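Overview (structure and organization)
So the chains spell out like this:
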Amino acid sequence: MSHSLFVSRLTLTDFRNHAALDLQLDARPVCLFGPNGAGKTNILEALTMLAPGRGLRSASLTDVARAGDDEMRAQPWAVSARVMSDGVETVLGAGAERTPEGGVKRVTRRDGQPAAASDLAAAARMTWLTPAMDRLWSGPAGDRRRFFDRLTLARASEHGHAAAAYERAMRERQRLLSERVFDDAWLGGLEREMSAHGAAIAAARVETLGRLQEAIDARPDGAFPKAVLALEGLLEQRFELGAKSADVEEDFATLLHDVRGRDAGAGRALDGPHRSDLKARHAAKNMDADQCSTGEQKALLVGVTLAQARALANDPGAGASLILIDEAAAHLDSVRRAALFDELLANPGQAWLTGTDENLFEAFGARAQRFEVRDGQVRTA
Ligand SMILES: Nc1ncnc2c1ncn2[C@@H]1O[C@H](COP(=O)(O)OP(=O)(O)OP(=O)(O)O)[C@@H](O)[C@H]1O
Ligand SMILES: [Mg+2]
């Protein structure tokens with residue numbers, strides 16, 4: 001479990017509009033400012049390529065490669081971060097490399113050796129907030145589910161394997177159902193896989209929610225309103241009521257067996273953890289998050305993100321985590337912004353922030369490092 005975490009060097013090679021970026025950093029918050037289109041968000045995105053998944057823009061391997069003058073996209077790119085965790089240095093790398101066939105493939109490295117994505121995730125935990133997430137509480141359930149699964153993944157790396165295995169079994173079952181292959185043994189096997197992985201997914205989510213809510217409740221109401229979180233989902237609800245994993249699994253397998261005809265007709269599985277939703281309520285106002293003002297929704301989300309970092313820091317299985325906030329000032333008044341900075345300074349993981357104007361970061365004083373980004377070039381401010 002790491003008690004402190006920061007990126008001491010970040011290098012980008014042909015990543016979006018950054019041909020060659022080399023940032024030397026200390027542990028203080030990193031503030032990136034500059035005009036629209038300068039490449040600020042691209043830098044945060046590059047960092048998130050070290051986390052499981054496809055980064056903060058859900059981009060493809062080829063989208064992020066720097067668009068060349070003549071060549072089209074199948075180009076290599078690389079992100080490398082030297083991470084200091086409790087004074088111990090680790091170099092994490094992600095990128096795309098050319099294959100002999102002329103395409104590109106994803107590569108992830110730790111200290112120069114090929115490493116699994118979960119290895120990288122454990123070495124550099126991170127959470128991020130982007131303007132696109134301002135509508136999280138009122139947008140589609142899938143976005144909230146993915147958001148919450150990222151939070152879960154930050155403390156339980158096996159969550160990713162369970163989710164992938166569940167999806168695979170679900171797709172295969174749906175294929176059989178749509179082809180009207182009602183082979184009981186085959187379907188039953190896939191349904192048992194779905195129920196085993198599904199129960200693991202739901203159990204990990206419920207555990208994450210418990211830790212997160214605890215971290216939220218441990219603080220008095222401040223600049224960021226407390227959220228009351230709840231998971232809506234068949235299996236999650238069973239776990240919340242104290243059901244045993246074996247029972248949840250068995251009942252889910254039975255249910256899947258019973259609804260084969262319905263799912264065949266619907267063209268997809270209508271029940272399961274792939275349909276779960278995360279609900280939030282503004283505790284003080286006793287109002288559902290999706291009914292709150294834009295600023296209130298943002299403040300709730302910032303509160304959840306900060307609580308997540310505290311929950312990770314207190315979790316013996318996890319540790320300090322980086323917090324990335326794209327357009328830190330959007331929808332936050334100056335009081336909340338100052339409160340956010342104080343919280344970020346108290347977090348044992350480094351903060352990364354962007355904004356168009358250097359003045360936004362004034363409240364940090366000398367407690368942060370600033371860089372001006374212009375046209376894919378970065379200079380110390
Ligand atoms: N694959 C790519 N190759 C080269 N340039 C790219 C690529 N993808 C995006 N860009 C360019 O990167 C530039 C900077 O994008 P970025 O989103 O980082 O800007 P920003 O500094 O965050 O701006 P804003 O203040 O508007 O959010 C854009 O002009 C975009 O066209
Ligand atoms: Mg941006």
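For the structure, see preceding data.
Notes on the structure in this doc start here. (Residues numbered from 1 in each chain as written. Chains lettered and ligands numbered in written order. Predicted model: local features only at pLDDT ≥ 70, side-chain atom pairs only at ≥ 80, totals over all residues. Heavy atoms only, no water.)

Let's shift gears to the overall build of the chain. Helix and strand counts for the chain come out as ten helices and 15 strands. Taken over C-alpha atoms, the radius of gyration comes to 22 Å for the chain, in line with the 21 Å a tight globule of 381 residues would show. Its C-alpha atoms put the chain at 65 × 60 × 35 Å along the principal axes. Residues classed as buried in the chain amount to 50% of the 381 residues present. Looking at the chain alone, contacts between residues at least 24 apart form 66% of all its contacts between residues at least 6 apart. For the chain, the accessible area works out to roughly 16800 Å², and carbon and sulfur atoms hold 49% of it. Distance from the positive charge centre (48 side chains) to the negative charge centre (54 side chains) of the chain: 2 Å. (Helix = DSSP H or I, 4+ residues; strand = E, 2+ residues; numbered from the N terminus. Rg over C-alpha atoms; globule rule 2.2 N^0.38 Å. Buried < 20%, exposed > 50% of the residue type's maximum accessible area, 1.4 Å probe, protein only. Contact = heavy atoms within 4.5 Å. Areas by Shrake-Rupley, 256 points an atom, 1.4 Å probe, with all protein chains shown as cover. Lys, Arg positive; Asp, Glu negative; His and termini not counted. Charge placed at Lys NZ, Arg CZ, Asp CG, Glu CD.)

The next subject is the pattern of salt bridges. The full count for this structure, using the stated rule, is 32 salt bridges. The closest approach of N and O atoms between arginine 28 and aspartate 26, which form a salt bridge, is 3.0 Å. Its relative accessible area of 32% is what places arginine 28 among the partly exposed residues. Through salt bridges with shared partners, a single network forms among Arg173, Asp184, Glu191, Arg260, Arg262, Asp263 and Asp271. (Salt bridge = Lys/Arg side-chain N within 4 Å of Asp/Glu carboxyl O.)

Centre distance and the angle of the planes are the two values used to describe a pair of aromatic rings. Per the counting criterion, the structure on display carries three aromatic pairs. Between phenylalanine 15 and tryptophan 77, the ring centres sit 5.4 Å apart and the planes meet at 70°, which makes this aromatic pair edge-to-face. A residue pair is termed long-range when its members are at least 10 positions apart, and phenylalanine 15 in strand 1 (residues 5–15) and tryptophan 77 in strand 4 (residues 77–85) qualify at 62 residues. Accessibility expressed as a relative area gives 0% for phenylalanine 15, which makes it buried. Through a chain of ring-to-ring contacts, the aromatic side chains of Phe341, Phe361 and Phe364 assemble into a single cluster. (Phe/Tyr/Trp six-rings, centres within 6.5 Å; stacked < 30°, edge-to-face > 60°.)

Let us now look at the sheet that holds strand 7 (residues 113–114). Sheet architecture is open: six strands sit in the order 2-1-4-5-6-7, paired in antiparallel fashion. In the strand order of this sheet, the two ends are held by strand 2 (18–24) and strand 7, each with one partner. Along the sheet face, helix 1 (residues 40–48) touches strand 1, strand 2 and strand 4 and points at about 110° away from the line of strand 1. (Pairing = 2+ DSSP bridges. Axes fitted to C-alpha atoms, helices over the stretch in contact; angles between N-to-C directions.)

The next subject is the side chain of glutamate 191. Structurally, glutamate 191 can be placed in helix 5 (residues 184–217). A polar contact is formed between the side chain of glutamate 191 and the side chain of arginine 173, at a distance of 2.9 Å. Sequence-distant contacts of glutamate 191, defined by excluding residues within four places in its chain, comprise Arg173, Ala253, Leu256, His257 and Arg260. (Polar contact = N/O pair within 3.5 Å; in protein donor to acceptor, adjacent residues only side chain to side chain.)

As a further point, take the site of ligand 1. Lining the immediate environment of ligand 1, one finds 18 residues, of which Gly37, Lys40, Thr41, Arg57 and Ala65 sit closest. Here an oxygen atom of ligand 1 and a side-chain polar atom of arginine 57 are 2.7 Å apart. At 2.8 Å, a backbone N or O of alanine 65 approaches a nitrogen atom of ligand 1. Isolated, ligand 1 exposes 660 Å² of accessible area, and the fraction of that covered by the protein chains is 72%. (Near = heavy atom within 4 Å.)

Glancing now at the sheet that holds strand 9 (residues 227–232). Here we have three strands laid out as an open sheet, ordered 9-10-11, and antiparallel in their pairing. Of all strands in the sheet, those with a lone pairing partner are strand 9 and strand 11 (287–288), marking the two edges. Pairing of strand 10 (residues 277–282) with strand 11 involves two bridges; the strand directions are antiparallel. Of the residues in strand 11, the one forming a bridge with histidine 282 is methionine 287.

Phi at aspartate 86 is positive, roughly 50°, even though this residue is not glycine. Mapping aspartate 86 onto the fold places it in the loop between strand 4 and strand 5 (88–98). A positive phi angle, near 55°, is found at glutamate 327, a position not held by glycine. Tracing the chain through its elements places glutamate 327 in the loop between strand 12 (322–325) and helix 10 (334–346). For glutamate 327, a relative accessible area of 38% translates into the label partly exposed.

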